[in-house]
Amino acid sequence: MLACARIGAIHNVVFAGFSSDSLKDRLHDSSCSFVITADAGIRGGKTIPLKESVDMAINDNHDNTVNTVIVVNRAGIEVNMKQGRDFWWHEEMKSADAECKPEVMDSEDPLFILYTSGSTGKPKGVLHTTAGYLVYAMQTFKWIFDYRDEIFTGVQRI
């Protein structure tokens, strides 16, 4: 999440247990162009085919805007990779630059979309802004962990 904030990418974390229909709705609502997933997840000793769910969500979306899928090789299972759209994380990281300058963002620029549970109907996306969330995260860290400069002498502040 913080890596997305650093590069200015609006993101939406989707629980791996959701159906491809739930993912499809979120991809559609946000006009998503980029998905990061894993070949599969492992939960309770069972292998959950995440890439397969992503493929179904993309293929079932008639307004599909996804043009890139990055796949982390988590479980080592064989997955269908669509030429020109799907890329392995470990292969892409070979050419990644070690330096990543942060994107300058305005305080009200979108940071991420978090969906409601949908218990009263269709889940609704709630847009969180850059400064609102990051100030909250910093302030929570300060209060919960009692962060004070005098405790961390010699530690460089960011």
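Everything that follows concerns the structure shown earlier in this document.
Peer 1: In this structure, what is going on with the state of the cysteines? I would like to understand it.
Peer 2: By definition, a disulfide links the sulfur atoms of two cysteines through a covalent bond. Counting across every chain of the model gives zero disulfides. For the unlinked cysteine Cys100, the closest cysteine sulfur is that of Cys4, found at 11 Å.

Peer 1: What am I meant to see in the pattern of salt bridges here?
Peer 2: Note that side chains of opposite charge can pair when their charged atoms are close. Considering all chains together, one arrives at eight salt bridges under this definition. A salt bridge links Asp86 to Arg85, with the shortest nitrogen-to-oxygen separation between them at 2.6 Å. The exposure class of Asp86 is buried, given its relative accessible area of 7%. A residue is classified by how much of its surface remains accessible, and Arg85, at 8% relative accessible area, is buried. Via salt bridges that share partners, Lys51, Asp55, Arg85 and Asp86 belong to a single interconnected network.

Peer 1: Just to check I follow, could you spell out a nonpolar patch on the surface for this structure?
Peer 2: Taken together, the side chains of Phe34, Ile36, Trp89 and Met93 define a hydrophobic patch exposed on the protein surface, amounting to about 410 Å² of accessible area. Looking at where Ile36 falls in the secondary structure, it is placed in strand 1 (residues 34-38).

Peer 1: Mind showing me how you'd approach the sheet that holds strand 5 (residues 86-88) here?
Peer 2: As summarised here, the arrangement of the three strands in space is 1-4-5, forming an open sheet in which the pairing is parallel. Either end of the sheet is taken by a strand with one partner, and the two such strands are strand 1 and strand 5. Going across the sheet, the axis of each strand differs from the next one's by a mean of 25 degrees, ignoring polarity. Summarising the sheet, strand 4 (residues 68-72) and strand 5 pair through three bridges and their orientation is parallel. Directly across from Val71, in strand 5, lies its bridge partner Trp88. Seen against the sheet, helix 3 (residues 50-59) touches strand 1, strand 4 and strand 5 and runs at an angle of roughly 150 degrees to strand 1.

Peer 1: Teacher, can you tell me more about the packing of helix 2 (residues 20-30) against helix 3 here?
Peer 2: What describes two packed helices is the angle between their axes and the distance between those same axes. In contact at an axis separation of 8 Å, helix 2 and helix 3 are set at 55 degrees when each is read in the N-to-C sense. Taken together, the axis directions place helix 2 and helix 3 in an arrangement best described as oblique. Read as a crossing pair, helix 2 and helix 3 show a hand that is right-handed. Here helix 2 contributes Ser20, Leu23, Lys24 and Leu27 to the contact with helix 3, which in turn contributes Ser53, Val54, Met56, Ala57 and Ile58. Each residue belonging to the contact of helix 2 with helix 3 can be placed in one class, and the counts come to six nonpolar, two polar and one charged.

Peer 1: It is not clear to me how the side chain of Arg26 should be interpreted in this structure. Could you clarify?
Peer 2: Within the secondary structure layout, Arg26 lies in helix 2. One buried charged residue, Arg26, forms no salt bridge at all, with the nearest opposite charge on Asp25 at 5.7 Å. The contacts of Arg26, once residues within four sequence positions are left out, are Asn12, Val14, Phe18, Tyr115, Thr116 and Pro123.

Peer 1: When you look at the packing of aromatic side chains in this model, what are you seeing that I'm missing?
Peer 2: The geometry of two aromatic rings is summed up by the distance between their centres and the angle between their planes. Enumeration according to the criterion identifies five aromatic pairs in this entry. With 5.6 Å between their ring centres and 85 degrees between their planes, Phe15 and Phe18 make a pair best called edge-to-face. In this structure Phe18 comes out as partly exposed when scored by relative accessible area, which is 35%. Aromatic rings pair up to connect Phe112, Tyr133 and Tyr136 into one cluster. Over the ring of Tyr115 we find Arg26, and its NZ or CZ is 4.5 Å from the ring centre.

Rules used throughout
Residues numbered from 1 in each chain as written. Predicted model: local features only at pLDDT ≥ 70, side-chain atom pairs only at ≥ 80, totals over all residues. Heavy atoms only, no water. Disulfide = S-S within 2.5 Å. Salt bridge = Lys/Arg side-chain N within 4 Å of Asp/Glu carboxyl O. Buried < 20%, exposed > 50% of the residue type's maximum accessible area, 1.4 Å probe, protein only. Patch = residues over 30% accessible without salt bridge, like charges linked within 9 Å, V, L, I, M, F, W, Y side chains within 5 Å. Areas by Shrake-Rupley, 256 points an atom, 1.4 Å probe, with all protein chains shown as cover. Helix = DSSP H or I, 4+ residues; strand = E, 2+ residues; numbered from the N terminus. Pairing = 2+ DSSP bridges. Axes fitted to C-alpha atoms, helices over the stretch in contact; angles between N-to-C directions. Contact = heavy atoms within 4.5 Å. Parallel < 35°, antiparallel > 145°, perpendicular 65-115°, else oblique. Left-handed = near helix turned anticlockwise from the far one by under 90°. Nonpolar A, V, L, I, M, F, W, Y, C, P; charged D, E, K, R; others polar. Lys, Arg positive; Asp, Glu negative; His and termini not counted. Phe/Tyr/Trp six-rings, centres within 6.5 Å; stacked < 30°, edge-to-face > 60°. Lys NZ or Arg CZ within 6 Å of the ring centre and 35° of its normal.

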